[in-house]
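# Reading the structure
The residues making up each chain are set out below.
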Amino acid sequence: MKNKVPLILVFCLFFLWAISSNLLPTMIRQLMKTCELNTFDMKRMYSILATVVISTIATAQVSSPKVNVEFVSPKIVRVQWSADGALPGNDTGVCVYEKQQVKSEEIIVKTEGGCIYFIDRKTGKTLLKDIAREAQPVVQERIVYDDATAHMEETANGKVTVKDIVRRDTIGLSTRYISRFSCEGTKALYGLGAHMEDYMNLLGKTLWLTQHNLKATVPILLSPQGYGLIFDAGCAMKYSSDGKSFTMQMEAAKQIDYYFIKGDRMEDIVEGYRYLTGKVQLLPLYAFGYIQSKERYVSSDDLIGTLREYRRRHVPIDMIVQDWNYWPEGWGYMKMNRKHYPDPKALADSIHAMNAKLMVSIWPNPQYCPEEKDFRERGFMLEHSVYDAFN
C-alpha cells in the first residue's frame, strides 16, 4: 500500500489543478489513456477517486468558454457549447441543412450575464431564455457477468436472460451536459416523441428519452407560444420541468447542440424541423391506413381469420402484425415455428389476396437457437447478445 500513497497524492493535486483550470473532463480522459490500470483494485481506486472529486465539485454554470450562437435561417438559431471550448459535434447526421448567410427580421438573440434571450423582433417579447449550461464528468463502467449463472426470467418484456455480476470495471469517462431554460409565459410544451404517459403538456413533468419497448423518442419540443427546440445529441436524455423552467440532460454528448425555431403556428415549427432534417420520402399509402397489432397472434390461422373478419365487417385495415414468439425455439430466432405457421409463403399470399400487408416483428437478440451460434461463429454478435445489423 505504501507505493500507492504518492500516486494518490499526485492524482489529488492533478484533479485540483484540472478543476481550477476548468479542464476536468479533458484531463481525466487523457489520464485514463496514459495510466496503466493493471489490477481490479487499482481500477476501483481510480473510480472511487474520480467519483469523490466529481461529487465534491459543484457542477456550476461555466461562463467560459463562450457560447457559439449562429443563425441558420431567419427563424432558426443554432446554439453550441462545450466545457473546453471545442465543438466537435455529436455526429448524429440528423441535421443536413446547407449553411448560408442570414439576416433575420424575426428573432433578436441577446446574451447577457451568461444567459441567452430569444426575443420576437416584432413584439419585443422574450419567447425563451437559456439560463445555464453545465458539464459533469461521468465514470463509465463495464459490467462483467458470470455466463455460468445465465437463466431465464419472466419480465414485462417477456422472457429475458439474467446473469450474476462478477465485477464492475472502470473503462473511462464521458461527459453529461445539461441545458437549463426559463420559460415563464409558456403555457404548454409538447413533443419529445410517442410515450406511454397519459398527458401531452410536458410543463411540470419529467420524461426519460431513451430506447424502450413502449417509447419512440424524438428530441423536439414545440410550444404554442411561438417556438420550438431540437436537441441534436444522439444519446439518452432526461427532460424535467417545474412548470416555469425546464432542463434537458444529455447523458453522453460531446457538446451541447440545439436549435431554436421561431414559429407563430405549430406548422411553422414543423416547417423549420423539415428544413433542418431534410425532406423525407413519402411512405407507401398502406402505411397511412389502419395497422392491426396485438400481443399476440399465435398461428397462421389466427392471422388469416382475424383479417377475414375485418373484411367481413367492412372495417378498413391495411396491415396486420405478427409480434414476438413465433419462433420454434430459444429467443429471437428468425424462423417461424412450422407447427403453428406451416407455410409462411402461403400465409403471406393469403393476406395479400385480401388486399393487406403482413408485418413480422424481428428481434435483434437471438439467444439459445442455431442462429445465435451461427452469428457468433461468423463474428456478427455484439455485446448483450445483440447482432450487428450493419455487418
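Here is what the cut-offs are and how they apply
- Residues numbered from 1 in each chain as written.
- Predicted model: local features only at pLDDT ≥ 70, side-chain atom pairs only at ≥ 80, totals over all residues.
- Heavy atoms only, no water.
- Pairing = 2+ DSSP bridges.
- Helix = DSSP H or I, 4+ residues; strand = E, 2+ residues; numbered from the N terminus.
- Right-handed = clockwise from strand over helix to strand, strands pointing away.
- Buried < 20%, exposed > 50% of the residue type's maximum accessible area, 1.4 Å probe, protein only.
- Arc of directions from axis to C-beta.
- Salt bridge = Lys/Arg side-chain N within 4 Å of Asp/Glu carboxyl O.
- Contact = heavy atoms within 4.5 Å.
- Axes fitted to C-alpha atoms, helices over the stretch in contact; angles between N-to-C directions.
- Expected span 1.5 Å × (residues − 1).
- Polar contact = N/O pair within 3.5 Å; in protein donor to acceptor, adjacent residues only side chain to side chain.
- Core = buried A, V, L, I, M, F, W, Y, C linked by side-chain atoms within 4.5 Å.

## Some thoughts on the pairing of strand S16 (residues 357–360)
Alignment of strand S15 (residues 319–322) against S16, held across four bridges, turns out to be parallel. Looking at S16, one finds that valine 321 is bridged to methionine 359. Each parallel crossover has a hand, and for S15 linked through helix H6 (residues 344–353) to S16 it is right-handed.

## Comments concerning helix H7 (residues 370–378)
The complete set of buried residues in H7 reads Glu371, Glu372 and Phe375. Buried residues along H7 cover an arc of 100° about the axis, so they all sit on one side. Turned more than 90 degrees from where H7 packs its buried face, Lys373 and Glu377 sit exposed. Of the residues flanking the end of H7, it is glycine 379, one or two places downstream, whose phi is positive at about 75°.

## A short note on the pattern of salt bridges
Evaluated as defined, the whole model comprises 21 salt bridges. For arginine 133, the salt bridge goes to aspartate 130, with nearest N and O atoms at 2.6 Å. Across the pair, aspartate 130 and arginine 133 agree in class, each one buried. Because the salt bridges share partners, they merge into one network encompassing Glu106, Asp120, Lys122, Lys262 and Asp264.

## A few points about the sheet that holds S16
As summarised here, the arrangement of the three strands in space is S14-S15-S16, forming an open sheet in which the pairing is parallel. What marks the edges here is a single partner per strand, and that holds for strand S14 (291–292) and S16. Against the sheet, helix H5 (residues 300–312) touches S14, S15 and S16, its axis set at about 155° to S15. Across the sheet, H6 is in contact with S15 and S16; its angle to S16 comes to roughly 140°.

## Description of helix H4 (residues 266–277)
Counted at 1.5 Å a residue, the expected span for H4 with its 12 residues is 16 Å, and the 17 Å between its end C-alpha atoms agrees. Here H4 has its buried residues at Asp268, Ile269, Gly272, Leu276 and Thr277. Buried residues of H4, viewed axially, fall in a sector of 165°; they line one side. Where H4 is buried, its residues touch strand S1 (68–73), strand S2 (76–81), strand S9 (216–223), strand S10 (227–231) and strand S13 (256–262). After H4 finishes, the residue glycine 278 shows a positive phi value of roughly 95°.

## Brief notes about the side chain of glutamine 292
Here glutamine 292 shows up in strand S14. Residue classification places glutamine 292 among the buried residues on the basis of a relative accessible area of 9%. A polar atom in the side chain of glutamine 292 sits 2.4 Å from the side chain of tyrosine 290. Looking at glutamine 292, its side chain comes within polar contact range of the side chain of tyrosine 310, at 2.9 Å. Leaving out residues up to four positions away in the same chain, glutamine 292 has contacts with Tyr297, Tyr310, Ile317, Met319, Ile320 and Val321.

## Structural notes on the nonpolar core
Ranked by internal contacts, the top residues of the largest apolar core, which has 35 residues, are Leu128, Tyr239, Phe246, Tyr258 and Phe260. Leucine 128 has contacts with Ile116, Tyr117, Phe118, Phe181, Ser182, Cys183, Tyr227, Leu229, Phe246 and Phe260, leaving out every residue within four places of it along the chain. Within the second largest apolar cluster, 20 residues are counted, among which are Leu307, Tyr326, Ala356 and Trp363.

By themselves, these observations are geometric and do not establish any function.
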